[in-house]
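# Structural overview
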Amino acid sequence: MSRTQLVEFMAEEAGLTKADAARALDAFQKATVKGLKEEGKVTVTGFLTFTAKDKEASTGRNPRTGEAVEIPARTVVTIKAGSKLKEALN
């Protein structure tokens, strides 16, 4: 589902205009980023849990040349499905 399709669905489902639904989606995205930066975790109970994890620098290999490549330290996001989402899909 694309962003446009998601906004259209949200607007129809919640009785909002597409502009209002787009603003709501933008607010959710901003809140998720803020929560991850400040607290390291965002939970939508029963649906999803986003967790920020720090990864240390490591050495990898370029698959074309086999040359060693330094991979810098970084923060990655993991997403875990909640029980209600799992039930809905099965």
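Look a little higher up for the structure.
All of the points below concern the structure found in this document. Computed from a predicted model, the values in this text were never measured in an experiment.

This next bit is on a nonpolar patch on the surface. The grouping of Met1, Leu6 and Phe9 at the surface amounts to a nonpolar patch, some 340 Å² of accessible area in total. Take Met1: it is sitting in the segment before α1 (3-14).

This part covers the side chain of Thr32. Along the chain, Thr32 turns up in helix α2 (residues 18-39). A relative accessible area of 9% means that Thr32 is categorised as buried. With residues up to four places along the chain from it excluded, the contact list for Thr32 reads Val42 and Phe50.

Moving on, we get to the sheet that holds strand β5 (residues 74-81). Ordered in space as β1-β2-β5, the three strands form an open sheet in which the pairing is antiparallel. Strands with a single pairing partner mark the edges of an open sheet, and in this sheet they are β1 (41-44) and β5. Here the average twist between neighbouring strands, direction ignored, is 20°. Relative to β5, strand β2 (residues 48-55) runs antiparallel, the two sharing eight bridges.

This brings us to the pattern of salt bridges. Per the counting criterion, the structure on display carries three salt bridges. The closest approach of N and O atoms between Lys18 and Glu8, which form a salt bridge, is 3.7 Å. With Lys18 in helix α2 and Glu8 in helix α1, the pair connects residues that are ten residues apart, well separated along the chain. Linking Asp20 and Arg23 is a salt bridge whose minimum nitrogen-to-oxygen distance equals 2.2 Å.

Cut-offs and rules
- Every chain's residues receive numbers from 1 upward, in the order its sequence appears when written.
- Local features in a predicted model are, by the rule used here, given only for residues with pLDDT of at least 70; side-chain atom pairs are given and counted only at 80 or more, and totals for whole chains, interfaces and linings are based on all residues.
- Excluding hydrogens and water, the side-chain values take into account all heavy atoms of the structure.
- Only residues whose relative accessible area exceeds 30% and that take part in no salt bridge are eligible for patches, with like-charged residues grouped when within 9 Å of each other and nonpolar side chains (Val, Leu, Ile, Met, Phe, Trp, Tyr) grouped when within 5 Å.
- Per-residue and other accessible areas follow the Shrake-Rupley method at a 1.4 Å probe size, with only the shown protein chains counted as cover for residues.
- We define a salt bridge as a contact between a side-chain nitrogen of Lys or Arg and a carboxyl oxygen of Asp or Glu at a distance within 4 Å.
- Where helices and strands are cited, they refer to DSSP runs of H or I of at least four residues and of E of at least two residues respectively, numbered from the N terminus.
- Relative accessibility decides the category of a residue: with a 1.4 Å probe and only protein chains considered, values under 20% of the type maximum give buried, values over 50% give exposed, and everything between is partly exposed.
- A contact between two residues is defined here by any heavy atoms of the two lying within 4.5 Å.
- Pairing between strands is defined by DSSP: at least two bridges between them are needed.
- To define axes, lines are fitted to C-alpha atoms, for helices over the stretch in contact only, and angles between the resulting N-to-C directions are given on a 0 to 180 degree scale.

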